[in-house]
Amino acid sequence: MSLKKEPDEGITFDTFMEGVWRQNPVFVMVLGMCPTLAVTVSAVNAVSMGVATLFVLVSSCLLVSLIRNLVPKEVRIATYIVIIATFVTLVDYIIQAVSLSLYEALGAFIQLIVVNCIILGRAEAHASKNPPLKAVVNALGMGIGFTIGLLALGATREILGAGKLFGFSLFGEHFQPWVVMVLPPGGFFVLGGWLLLFSFMRSRSEKGAAHE
Amino acid sequence: MSKHRIELRAAPHQHSGHSVPTIMRNVVYSMLPICGFSVWQYGLSALALLLTVTATCLATERLLNRNANTLGDWSAAITGILLGLTLPPAFPLWMAIVAGFVAIAIGKAMFGGLGHNPFNPALVGRAFVQAAFPVAITTWVPAFSANRFSEFVPTTFTAPLMMPPDIVGWVKQQGVDAFTGATPLARWKFENVTASAHDLLTGTVTASAGETSALLILLCGAYLAIRKFMDWRIPVAVLGSAALTAWAFQLYNPAHYPDPLFVLLSGGLMIGTIYMATDMATSPVTPVGVWIYGGIIGVMTVIIRYFGGLTEGVMYAILLGNALTPLIDQYTQPRVYGTGKEKS
């Protein structure tokens, strides 16, 4: 029942903006929390993770969309996983080749992109039902939304936890680092803070819409 | 339709006459002697610390409850004073503001306000700054230094977000002999030196602002217990189980483990037991449950102190007890009168 004929509507601005804002994977759907909490110790790590995920997301959505009419629905999940795993392996080797220190900082979370529910979710819910171009635009939005989410967390944690942003010192050498922010609890505190902000903004706009 | 001849109501039928604000106000009163002693002992810095933390807590409470004025129940004041008493007297004020905000915002308001918080708000605030600023929260100053009423400790007015200055040189100028900069618990842990019970009772040791004089805290607690503003079983259970555990360890190896009296009187055990473990919102309600809760806190305190990386374990022991409270309550429900033994 999930493999209905694709909807008629073409690519709109919302196809892209869905992932960036309305259905932001971090702040609204709260998906992919494992890398979100684990690697956002610094802004650089966060952006690298976001871009790696973005690449895997876009490439696998394109491929899934291209073969959407060839794959029998009984084996579709396995097919998606093989496709995603291929691109994750690519990213894994690329990061290792480009920057070994970054590779060590991200650790097992690069390989774990393969089970990131955002990617599988997009493949299943969107790419498998839409033409390639639309799937790519949507995946691009999702990936950018995910990167923005990670960057927001990573920047907050790096500013408070080390007084730096992208490695540049912001407050001089007498800055008192908030040690908790680079520890796992800090990830939860900061994520909670951002989620709070977003749900506050959402409730505000809903209230505003109700008044009109 | 018809008028009831007999008024039918669900239990409880008797009211103790205490309202939440009455109880809270009396707890605040009972803490004033401890605050006074702390200020007398540490001077202006302790005063500034207590006032700052309390003001932060009150302001946060007001800010986060814009629809209802909840300052009148005095609970934010208790959190503020308690939090101030658990911090070192020379704690930088900007960090104290962080602690106060976290205590009320994350510790209490986030869960729905008074009565809904699973953890003691003051301890949440302290745990946060303990994790965030581990150095500042273990920087101690000597008690009864000569000019404590004329000057502040240099760390008190650290610029926001900046690291507090080193106070070793300042402490030397105070003319205090043989100041080691360590609490009795730290000295026991790292140097195997125990402080005498007399010093611990009267508070002439180095510690957080309000945890120095065990005797004073006990007296204030006795007032609360006599007026039935707190459950006397909790302190008895905590102190009893802590003493028993410490005594068992001492039997096992008298050379290494201190005597139970030292364990009871040192560190934050007294103030934690009397004012934090007894928090009504975060402790069990059944009498059996209260004994279990207190027992767990006492044992955990001693175990964390002896085997943990930190010198003091009361804070985490109480937070752990708070976390277990719903479970304890669930399994210690008394049998309803007139029903069978089987669980429904």
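Since we're looking at a predicted model, the values are computed, not measured.

Describing the pattern of salt bridges
Enumeration over the complete set of coordinates arrives at six salt bridges over all chains. Between Glu18 of chain A and Arg122 of chain A there is a salt bridge, with its nearest N and O atoms 4.0 Å apart. Linking Glu18 of chain A in helix H1 (residues 13–22) with Arg122 of chain A in helix H6 (residues 117–125), this pair joins segments that are 104 residues apart in sequence. Judged by relative accessible area, Glu18 of chain A falls into the buried class, the value being 15%. Residue Arg122 of chain A is classed as buried on the basis of its relative accessible area, which comes to 11%. For Arg305 of chain B, the salt bridge identified is with Glu312 of chain B, shortest N-O distance 2.8 Å. A residue is classified by how much of its surface remains accessible, and Arg305 of chain B, at 2% relative accessible area, is buried.

Some remarks on the layout of surface pockets
Reported here for the largest pocket is a volume of approximately 600 Å³. Taken together, 21 residues make up the lining of the largest pocket; nearest its centre are Gly193 and Leu196 of chain A together with Phe101, Ile106 and Met110 of chain B. Of all elements in the fold, only helix H7 (132–162) and helix H9 (184–211) of chain A together with helix H2 (44–64) and helix H4 (93–105) of chain B reach the threshold of two or more residues within the lining of the largest pocket. Here the element with the most residues in the lining of the largest pocket is H9 of chain A; it accounts for seven residues. Residues of the lining of the largest pocket, tallied by class, amount to 18 nonpolar, three polar and no charged.

Remarks on helix H1 (residues 20–42) of chain B
The α-helix winds at 3.6 residues per turn, so residues separated by three or four positions along the chain end up facing the same way. All names here are of chain B. The end-to-end C-alpha distance of H1 is 32 Å, a good match for the 33 Å that 23 residues give at a rise of 1.5 Å each. Taking the largest bend as the criterion, H1 deviates by roughly 30°, centred on Leu32, and proline Pro33 comes between one and four positions later. Where H1 terminates, the next one or two residues include Gly43, which has phi positive at roughly 80°.

Quick look at the environment of Phe171 of chain A
One can find Phe171 of chain A in the loop between strand E2 (168–169) and helix H8 (179–182). Between the C-alpha atom of Phe171 of chain A and that of Ile159 of chain A, which follows or precedes it by twelve residues, the distance is 9.2 Å. Residues contacting Phe171 of chain A, with those up to four places away along its chain left out, are Ile159 and Gly163 of chain A together with Leu161 and Met162 of chain B.

A look at a nonpolar patch on the surface
All names here are of chain A. Side chains of Trp21, Leu197, Phe200 and Met201 sit close together on the surface and give an oily, nonpolar patch of about 400 Å² of accessible area. Tallying contributions element by element places H9 first for the nonpolar patch, with three residues. Summarising the element assignment, Leu197 is placed in helix H9. Leu197 gets classed as partly exposed once you look at its relative accessible area, which sits at 38%.

Examining the environment of Gln250 of chain B
All names here are of chain B. Along the polypeptide, Gln250 turns up in helix H10 (residues 233–252). Gln250 sits in the partly exposed class, given a relative accessible area of 22%. Along the backbone, Gln250 and Thr212 are 38 residues apart, and their C-alpha atoms lie at a distance of 24 Å. Sequence-distant contacts of Gln250, that is, excluding residues within four places in its chain, are made with Tyr257, Pro258, Asp259 and Pro260.

Concerning the nonpolar core
One finds Trp178 of chain A together with Leu87, Phe91, Phe128, Val129 and Tyr275 of chain B to be the most contacted residues of the largest nonpolar core, which totals 126 residues. Composition of this core by domain shows at least three residues from each of domain 1 (17–139 + 141–178) and domain 2 (181–331) of chain B. Not counting the four nearest positions on each side in its chain, Phe128 of chain B is found in contact with Trp178, Val180, Met181 and Phe189 of chain A together with Val98 and Val102 of chain B. Grouped together as the second largest cluster of nonpolar side chains are nine residues, Val141, Val153, Trp170 and Val171 of chain B included.

Quick word on the domain arrangement of chain B
Residue and element names in this part refer to chain B. Looking at the assigned domains, one finds that chain B contains domain 1 (17–139 + 141–178) and domain 2 (181–331). When each unit is reduced to the centre of its C-alpha atoms, the spacing between domain 1 and domain 2 is 20 Å. Of the roughly 2,800 Å² buried at the junction of domain 1 and domain 2 (both faces included), carbon and sulfur atoms supply 69%. On inspection of domain 1 and its partner domain 2, the count reaches zero salt bridges. Counting across the interface, domain 1 meets domain 2 through four residue pairs in polar contact (both at pLDDT 80 or more). Contributing elements (two or more residues each) for the side of domain 1 that touches domain 2: H1, helix H3 (75–86) and helix H5 (121–132). Considering every element that reaches the side of domain 1 that touches domain 2, the biggest residue donor is H1, with eleven residues. Residues belonging to the side of domain 1 that touches domain 2 are distributed by class as follows: 21 nonpolar, eleven polar and one charged.

Topic: the packing of H1 of chain A against H7 of chain A
Relative placement of two packed helices is described by the angle separating their axes and the distance separating the axes. Residues and elements named next belong to chain A. Where H1 contacts H7, the two axes come as close as 6 Å, and the packing angle between them is 25°. The pairing of H1 with H7 is recorded here as roughly parallel in orientation. Relative to H7, H1 is oriented so that their crossing is right-handed. Contacts from Thr15, Phe16, Glu18, Gly19 and Val20 in H1 reach Lys134, Val137, Asn138, Leu140, Gly141, Met142, Ile144, Gly145 and Ile148 in H7. Looking at the contact of H1 with H7 residue by residue, the classes come out as seven nonpolar, five polar and two charged.

Rules of the game
- Residue positions are given per chain, counting from 1 as you read along its sequence in written order.
- Written order decides the labels, with chains lettered from A and ligands numbered from 1.
- Reporting in this predicted model follows two pLDDT cut-offs: at least 70 for local features of residues, and 80 or more for side-chain atom pairs to be given and counted; totals over whole chains, interfaces and linings ignore these cut-offs and use all residues.
- In computing side-chain properties, one takes all heavy atoms of the structure into account and sets aside hydrogens as well as water.
- In what follows, salt bridge is the name for a side-chain nitrogen of Lys or Arg lying within 4 Å of a carboxyl oxygen of Asp or Glu.
- Only DSSP runs of H or I covering at least 4 residues are called helices, and only runs of E covering at least 2 are called strands; the numbering of each starts at the N terminus.
- Only protein chains enter the area calculation, which uses a 1.4 Å probe; residues under 20% of their type maximum are buried, those over 50% are exposed, and those in between are partly exposed.
- Only protein atoms enter the 1 Å grid used here. Points where a 1.4 Å probe fits but cannot escape make up a cavity, open sets with protein on both sides within 12 Å along at least five of seven lines make up a pocket, and a residue lines them when an atom lies within 4 Å of a point.
- Grid points are joined across faces, edges and corners, and a volume is the space filled by probe spheres set on the points.
- Polarity classes work like this: nonpolar for Ala, Val, Leu, Ile, Met, Phe, Trp, Tyr, Cys and Pro, charged for Asp, Glu, Lys and Arg, and polar for all others, with Gly in that last group.
- Every helix has an expected span of 1.5 Å times one less than the residues it contains.
- The quantity called bend is, for any residue, the angle between two axes fitted respectively to the seven residues ending at it and the seven beginning at it.
- Any two residues having at least one pair of non-hydrogen atoms within 4.5 Å are treated as being in contact.
- Patch membership requires over 30% relative accessible area and the absence of a salt bridge. Like charges are linked within 9 Å, and nonpolar side chains (Val, Leu, Ile, Met, Phe, Trp, Tyr) within 5 Å.
- For every accessible area listed, the method is Shrake-Rupley and the probe measures 1.4 Å; residues are considered covered only by the protein chains on display.
- Put simply, buried Ala, Val, Leu, Ile, Met, Phe, Trp, Tyr and Cys residues joined by side-chain atoms within 4.5 Å make one nonpolar core.
- Note: domain ranges come from an automatic or database domain assignment.
- Summed over both partners, the accessible area (1.4 Å probe) lost when two parts come together is defined as the buried area.
- As used in this structure description, the phrase polar contact means that two N or O atoms lie within 3.5 Å; if the pair is within protein, one of them must be able to donate a hydrogen and the other to accept it, and residues adjacent in sequence are counted only when both atoms belong to side chains.
- Fitted lines through C-alpha atoms give the axes, limited to the stretch in contact for helices. The angle between two N-to-C directions lies from 0 to 180 degrees.
- Here the angle decides the label: under 35 degrees means roughly parallel, over 145 means roughly antiparallel, 65 to 115 means roughly perpendicular, and every other value means oblique.
- Handedness of a crossing follows from how the near helix is turned relative to the far one, being left-handed for an anticlockwise turn of less than a right angle and right-handed for a clockwise one.

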